[in-house]
Amino acid sequence: MTAAENIEVNDLENQVDSEQEVLDEGDVAADYLEELLDIADLDGDIDIEIRGGRTYISIVTEEEGADLSSLVGKDGEVLDALQELTRLAVLNATGERSRLVLDIAGYRSDRAEQLHAIADEAIHKARETGEDVHLQPMSAYERKLVHDVIADAGLHSESEGESGRRHIVVSMLDN
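Parameters and conventions
Residues numbered from 1 in each chain as written. Predicted model: local features only at pLDDT ≥ 70, side-chain atom pairs only at ≥ 80, totals over all residues. Heavy atoms only, no water. Pairing = 2+ DSSP bridges. Helix = DSSP H or I, 4+ residues; strand = E, 2+ residues; numbered from the N terminus. Contact = heavy atoms within 4.5 Å. Axes fitted to C-alpha atoms, helices over the stretch in contact; angles between N-to-C directions. Salt bridge = Lys/Arg side-chain N within 4 Å of Asp/Glu carboxyl O. Buried < 20%, exposed > 50% of the residue type's maximum accessible area, 1.4 Å probe, protein only. Patch = residues over 30% accessible without salt bridge, like charges linked within 9 Å, V, L, I, M, F, W, Y side chains within 5 Å. Areas by Shrake-Rupley, 256 points an atom, 1.4 Å probe, with all protein chains shown as cover. Parallel < 35°, antiparallel > 145°, perpendicular 65-115°, else oblique. Left-handed = near helix turned anticlockwise from the far one by under 90°. Nonpolar A, V, L, I, M, F, W, Y, C, P; charged D, E, K, R; others polar.

(A) Highlighting the sheet that holds strand β4 (residues 133-134). Read from one edge of the open sheet, 3 strands run β4-β6-β5, paired in antiparallel fashion. Two strands lie at the open edges of the sheet, namely β4 and β5 (156-160), each paired on one side alone. As defined by bridge partners, β5 adjoins strand β6 (residues 167-171) across 5 bridges and the pair is classed as antiparallel. Pairing of serine 157 across the sheet is with valine 170, part of β6. Each of β5 and β6 is contacted by helix α4 (residues 140-152), which is oriented at about 160° to β5, the strand it contacts most.

Given below as C-alpha cells:
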C-alpha cells in the first residue's frame, strides 16, 4: 500500500466517523424531543435527515386536530429555544457541539420560502434604485439563508446591528 492509498483510507475513515457522529447526534436529539413531546402530551412524528453533514430534525403530525403551534411560538421564538435546548442535550450526551436544525410543523420550510421572497424583493429594489436596502431584523439562521440568496444573485449583503436588532443590508457590488 502506498502513502497516497493510505491517506485515502484515512480520509474515508474520517468521513465514516463524521457521518456516524451526525447519526448519533440525530438519535440523541430525537430521544430528547420524544421525551419533550411525551411531557407536553403532544403527538408528533420525528423525522431525521442528514444534508451536507448537518442534522435536520422535523416534528410533524398528521393527526386531525393536533396542533404543534405552541412549540413554534410567535415568530418561531419557542422553536429557536427548543432548538438550542436540543443542541445542549446533544452536547451533554456526546460532548460535541451540535449545529442541528429543528423544524416543527413545517415552520422553517415555510419561513425559508418567505425569506427567499423577501430577498428577491430586496435584490430587485437594490438593482432598480442602486441604493442600499435594509431588511427587518432576523435570526442568524434566517440571515444565513438570505445572505445565500443575495450572493447567488451577484449582489453584496452584510449584517449590521446588535443582538435582536441585527439585520441585513443589501447593496450592489462595487465594480
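(B) How the structure looks around the sheet that holds strand β2 (residues 54-60). Here we have 3 strands laid out as an open sheet, ordered β1-β2-β3, and mixed in their pairing. Each edge of the open sheet is held by one strand with a lone partner, namely β1 (45-51) and β3 (101-104). Neighbour-to-neighbour, the strand axes of the sheet open up by a mean angle of 20°, direction not taken into account. Judged from the 4 bridges that link them, β2 and β3 form a sheet pairing that is parallel.

(C) The arrangement of the pattern of salt bridges in detail. Applying the stated rule across the entire model yields 6 salt bridges. Of the charged contacts in the structure, one is a salt bridge between aspartate 80 and arginine 108, with a shortest N-O distance of 3.0 Å. One end of the pair, aspartate 80, is in helix α2 (residues 77-94); the other, arginine 108, is in helix α3 (residues 107-129), with 28 residues separating them in the sequence. Judged by relative accessible area, which is 9%, arginine 108 ranks as buried. Here lysine 144 and aspartate 148 are joined by a salt bridge, their closest N and O atoms 2.8 Å apart.

(D) Seen up close, a nonpolar patch on the surface. Taken together, the side chains of Leu85, Leu88 and Leu91 present a nonpolar region at the surface, about 250 Å² in accessible area. Following the sequence through the fold, leucine 88 ends up in helix α2.

(E) View of the packing of α3 against α4. Contact geometry of α3 with α4 gives a least axis separation of 9 Å together with a crossing angle of 45°. Between α3 and α4, the interaxial angle falls into the category oblique. Handedness of the α3/α4 crossing: right-handed. Mapping the contact onto sequence places Arg108, Arg111, Ala112, Leu115, His116, Ala119, Asp120 and Ile123 in α3 and Tyr141, Glu142, Leu145, Val146, Val149 and Ile150 in α4. For the contact of α3 with α4, the class distribution of residues is 9 nonpolar, 1 polar and 4 charged.

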